[in-house]
Amino acid sequence: MLLKRLTESAGLPGFESGVRGVIMAEIKAHVDSMRVDRMGNLIAVKNERASGPHIALSAHMDEVGLAVKGIDSDGYLRVASWGVDPRILPAKTVLVGKNKIPGVIGFKPWRLTSEAERDKAAKTEDLSIDIGAFTKEEAAELVSPGDYAAFDSEFMEFGAHKIKAKALDDRVGCAVIIGILQSNMPYKISAVFNTQEEVGLRGSSASANQIFADLVINLEGTICADTSGVPEHLRVTTQGMGPAISLSDRTSVYFKKYREAILKTARDNGIPCQFRQTGMGGTDSANFHAAHGGAPVIGLAVPCRYIHSPVSVMDKRDFENTGALTAKFIEYFNQTGGLGRES
Amino acid sequence: MNLELLQKICGLAAPSSGEGAVRDCVIDLLKDVADEIKVDPLGSVIARKKGAGPKVMFACHMDQPSFMINFIDKDGFLRFSHMGKLAFEQIRGQRVVFQNDPPGESLRSVMTGVIACEKIRDKQQASMIHLYMDAGFRSREEAEKHIAIGGLCVFAGETVIDGRKIISPGLGRAGAFVLAETAKAMQSSPNDMYFVFNAQREVDFAGAKASVWTVSPDYAVCFDLAPSHDIPSPEIQQLPVRAGNGAAIKIKDSSVICHPGLIHFIEDTAKENGVRVQFEISESFQSGAGPVHTANGGVPAGGVSIPARGIDSAHPIALLSDIEESLRLALHLAQKPFENLV
Amino acid sequence: MEFAKYRCDVSADRFGNVIACKKGKQGGGKLMFAAHMDEIGLMVSQIDEQGFLKFSPIGGCDQRTLLSQEVIVHGRRDVFGVIGLKPPHLTSDEEQKKSVSIADMAIDIGFSQEEAEPLVRVGDIVTVRRKTIELRNDLLSGKSLDDKAGVAALLECAKNLVDYENTHDLYFAATAQKEAGIRGARAAAFNVNPDICVVVDAGFAKMPGLDAFSAIELGKGPAIAVGPNIRYAIFEVLKETAEKNEIMFQIDPIPGMSYTDAMFIQIAGRGVATGLISLPLKYMHTSVETVSMKDVTRAGTLLSCFTRSLNSRDLEMVLCS
């Protein structure tokens, strides 16, 4: 399964080549052109010569994880992270570097800690990865500072329609775009697979300057807090209710005209959808929104519980409906000449 | 100074991405004096008065701190996200006015609401997530007849001008007033002048980021408010801006260090024309000059700011004398050749 | 049941301990080797109206090692779940500095309450789901190696002795409910009533934050424990055996309570002369417990050599020496 292959490959910010390779192999036969830019973004165009409106689809390839800062005298790897709540790190397995050296993030035995100590959050600087090396030299043969460590988490289905995996943010977006590119749509579509979203929307700040589209649809995995005891108004999104349409976030406002058009598309086609009910966060949309004179953006996202953790959870139906709505909307957008011929 | 126009521009409601009312007003004011007017994809207004010299962009913004409804509960209470740098204490207890959304006959009337806070036992723990809007509805169904998810609103509050000061939730548009008046009053300019009224300042300056690319200016001067440091808070009194001391020439804020060439040029212009000025050095304040000066490979940028108190609150205050000095300065600047500044 | 391969009679006692016996000659003494087979875990305490499971811990566990774990709920069938963390927009900066308490966690099994109820009941046991992985240097990392590694050492010993004619009766006890309060071992020791018992359990191994003097070391052989929970004579025989047979070993001084099966076996019934072998294990009571397979094998060898060294000897005399 595509999403399994995508989530089980590693792509930390700046090290996306593994994921990019998977995507390139998937889309090669379905696009007219494909290139990797200076930031490592993958940009592909389908039906390059088709006339009519031009939609660009954007998703990011990178995921959160750890970086090896160095190796201590006993052969443990000291780490740093960006975008990972250190509280989720203790007692996890990771795969270090290109050669996927298995390692574990150890933690002090329960009986040797005080209750006061256990009340404090774990800190990244106090944790280390154990690959089983007994000395610094031994570890240095396998790992070097700067190597990344990705969460080791298997893609699996469980519960009612649920999927657990790491990096659903934003391999779900990548998978939706791949699905569109593999379809036989006749319209001109650009696909942008960005690098380094998780460290400050960096890949897209370069790719946005290379994309001249009438509309950008940014596809994401987004916050979902429909979990135990969270009141309805703080859930942001609810699983099973379909793709989440963005309203606004810290860096973009998603225009009403397009929001309403996508809502209409969903209703006309009987596809469930919901709003992303928060103004928090920021996505690659920010760069497309403001690049070269400004462009309208739409944000569509698959609700993901426990985002930025090795055990993100999504509802398969939301993922499928996100793909369906994206496809239907592209069709609608083209048939109305870019919403210009709306009745 | 045309206080009536100041009152009008500041008194309109223009939440980020819903700047239509101000956009219409600006276009109306400038349609007869500008050589070209266009509205860009984000809704910013770009008005050009042609000249032979370098491209000079005067930029301001049209929007104001605002809110977007993102949830309606079963009892008809509204939850929202905010756009702009607004603190919990500034929002709580304020009155808001909704933009007419969705449009419809019954909605043409102004609808107001109040921002209230859930009862929290430990008051210290109360934060943004506990705030909600109460517009007097009793059910979700009732609320949905008047307001949709994605609907926008701004702080409610009369725009008050007395002989000395202006208080207005839309005070940030004093810069737009200065630019509109300048564009109207200026004679021919030696510069190719672009007056840009940006949308979406409060969404990380999205409007300014987009329009600077479109205009691609040689020089930029940004007109905005600046926090006045003369309030009773000893921690910031070491900073220089004082309401009543005239237009503030921006040296730096937390998003930009202005180009020395422009700082001197603006200062010289003020001196030559007897405009009362001071200098702005702000610490935790960002302005449109930030994204503008790093755009397109670098745009030498300066700023003229109007000192204001309570800048990130529902009811900011500025002194009319400072607005007047800023307007005079803008007018002199627009008519002076921006030559060899870099 | 693995023990049956090594000519043992395997049975379960009334407490649930598994006891494998390899009979010796008439008139010999009784030797027992014990390791506990249970592990720390969680228990479902409530199914909430959204279908999430609340839980409480069984055995000592640091709540900080539970977040973002995958679990198996042992319900009517095994049900997969994850323990999630609430998203950052609902977490204040203050909260971020604190660990999440178990009361604020829940297991997400991806079902609604109606769907969950036929599958899961209050009281069901939950374990962390973790594939055991191999690290460098023959290290093994996973959950419940405390004390499955000890059970493996017992099996290793039984394997070594499969063709050996032991004079004493040999008992291998895989004990129950150690983590719930060292409960099974008390019953096992009472039922077997051995003269001598050597317990194999996990010992704290050196790791970042634990220095060499408060811990034993991984890969340096089983650690022979010494202290009040241990009969000194047994310690001495174990140590001599290791030296004579050139089995790498270390010493684990435990001046107070050992919190192992040895602690209660020693005082069970009429009392038992008890020894303790600590298997060096890092990250105890987490799902990434790490042991050296070499140490495990060495511990098994040590036990079989120990058995051989006691053969044909009067156990009472051994204890008097």
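These numbers come from a predicted model, not from an experiment.

Enquirer: Honestly, the pattern of salt bridges in this entry has me stumped. Any pointers?
Expert: In a structure, side chains of opposite charge can pair up when their charged atoms sit close to one another. Residues and elements named next belong to chain A. Summed over all chains, the structure comprises 50 salt bridges over all chains. Between Arg 171 and Glu 63 there is a salt bridge; the shortest N-O distance is 2.9 Å. Here Arg 171 is found in helix 5 (residues 168–182), whereas its partner Glu 63 is found in the loop between strand 3 (55–60) and strand 4 (66–71), with 108 residues between them in sequence. For Glu 63, a relative accessible area of 2% corresponds to the buried category.

Enquirer: In this structure, what is going on with the nonpolar core? I would like to understand it.
Expert: The tendency in soluble globular proteins is for nonpolar side chains to be buried side by side. Within the largest apolar cluster, 89 residues are counted, with the highest numbers of intra-cluster contacts made by Ile 23 and Phe 193 of chain A together with Phe 67, Phe 98 and Met 133 of chain B. A per-element tally of this core places helix 5 of chain A first, with nine residues. Core analysis: the second largest hydrophobic core is formed by 85 residues, Cys 21, Ile 234, Leu 276 and Leu 302 of chain C among them.

Enquirer: It is not clear to me how the domain arrangement of chain A should be interpreted in this structure. Could you clarify?
Expert: Think of interface size as the accessible area that goes away when the parts come together; that is how it is often given. Residues and elements named next belong to chain A. Domain boundaries assigned for chain A yield domain 1 (2–63 + 166–335) and domain 2 (66–151). The gap between the C-alpha centroids of domain 1 and domain 2 is 32 Å. A combined buried area of about 930 Å² lies between domain 1 and domain 2, and 71% of that area is made up of carbon and sulfur atoms. Summed over the three residues of domain 1 that lose the most area to domain 2, namely Leu 12, Phe 15 and Pro 310, the buried surface amounts to 44% of that side. Taken together, the connections running from domain 1 to domain 2 amount to zero salt bridges.

Enquirer: Could you clarify how one ought to interpret the interface of chain C and chain A in this entry?
Expert: Each partner contributes residues to the interface: chain C has 63 residues there, and chain A has 60 residues. Overall, the association of chain C and chain A removes approximately 5,200 Å² of surface from exposure, summing both partners, and the carbon and sulfur fraction of that is 61%. Considering only the surface of chain C that becomes buried against chain A, Arg 64, His 89 and Arg 136 of chain C emerge as the three largest contributors, covering 13% of it. On inspection of chain C and its partner chain A, the count reaches five salt bridges. Note that Lys 206 of chain C is salt-bridged to Asp 74 of chain A, the shortest N-O span being 3.9 Å. Joining chain C to chain A, the criterion identifies 29 residue pairs in polar contact (both at pLDDT 80 or more).

Enquirer: It is not clear to me how the domain arrangement of chain C should be interpreted in this structure. Could you clarify?
Expert: Residues and elements named next belong to chain C. Per the domain assignment, the segments making up chain C are domain 1 (2–39 + 144–320) and domain 2 (41–128). Relative to domain 2, the C-alpha centre of domain 1 lies at a distance of 34 Å. Between domain 1 and domain 2, the residue contacts involve five residues of the former and seven residues of the latter. Its largest share of buried area at the contact with domain 2, domain 1 owes to Glu 39, His 285 and Ser 287, together 70% of the area lost on that side.

Enquirer: I'm lost on the packing of aromatic side chains in this one. Help?
Expert: Pairs of aromatic rings are described using the distance from one ring centre to the other and the angle between the two planes. Going through the model one piece at a time under the given rule, you end up with 15 aromatic pairs over all chains. Look at Phe 58 of chain B and Phe 195 of chain B: their rings are 5.8 Å apart centre to centre, the planes differ by 85°, and that puts the pair in the edge-to-face class. Of the two residues, Phe 58 of chain B is situated in strand 3 (residues 55–61) and Phe 195 of chain B in strand 12 (residues 192–198); the sequence distance between them amounts to 137 residues. In terms of burial, Phe 58 of chain B and Phe 195 of chain B fall into one category: buried. Three or more aromatic residues joined by ring pairs form one cluster here, namely Phe 3, Phe 33, Phe 172 and Phe 306 of chain C. The residue whose ring lies beneath Arg 186 of chain C is Phe 264 of chain C, and the NZ or CZ to ring-centre distance is 3.7 Å. Over the face of the ring belonging to Tyr 164 of chain C we find Arg 308 of chain C, whose NZ or CZ atom lies 4.9 Å from the ring centre.

Enquirer: Please clarify how the packing of helix 5 of chain A against helix 9 (residues 316–335) of chain A should be interpreted in this entry.
Expert: Axes are the key here: two packed helices are described by the angle between their axes and the distance separating the axes. Residue and element names in this part refer to chain A. Between helix 5 and helix 9, whose axes approach to 10 Å, the crossing angle comes to 45°. In this view, helix 5 runs oblique relative to helix 9, as classed from their interaxial angle. In the crossing of helix 5 with helix 9, the sense of the turn from one axis to the other is right-handed. Of helix 9, the residues touching helix 5 (which contributes Val 172, Ala 175, Val 176 and Ile 180) are Phe 319, Thr 322, Gly 323, Thr 326, Ala 327 and Ile 330. For the contact of helix 5 with helix 9, the residue count by class is seven nonpolar, three polar and no charged.

Conventions and cut-offs
Residues numbered from 1 in each chain as written. Chains lettered and ligands numbered in written order. Predicted model: local features only at pLDDT ≥ 70, side-chain atom pairs only at ≥ 80, totals over all residues. Heavy atoms only, no water. Salt bridge = Lys/Arg side-chain N within 4 Å of Asp/Glu carboxyl O. Helix = DSSP H or I, 4+ residues; strand = E, 2+ residues; numbered from the N terminus. Buried < 20%, exposed > 50% of the residue type's maximum accessible area, 1.4 Å probe, protein only. Core = buried A, V, L, I, M, F, W, Y, C linked by side-chain atoms within 4.5 Å. Domains from an automatic or database assignment. Buried area = accessible area lost by both parts, 1.4 Å probe. Contact = heavy atoms within 4.5 Å. Polar contact = N/O pair within 3.5 Å; in protein donor to acceptor, adjacent residues only side chain to side chain. Phe/Tyr/Trp six-rings, centres within 6.5 Å; stacked < 30°, edge-to-face > 60°. Lys NZ or Arg CZ within 6 Å of the ring centre and 35° of its normal. Axes fitted to C-alpha atoms, helices over the stretch in contact; angles between N-to-C directions. Parallel < 35°, antiparallel > 145°, perpendicular 65-115°, else oblique. Left-handed = near helix turned anticlockwise from the far one by under 90°. Nonpolar A, V, L, I, M, F, W, Y, C, P; charged D, E, K, R; others polar.

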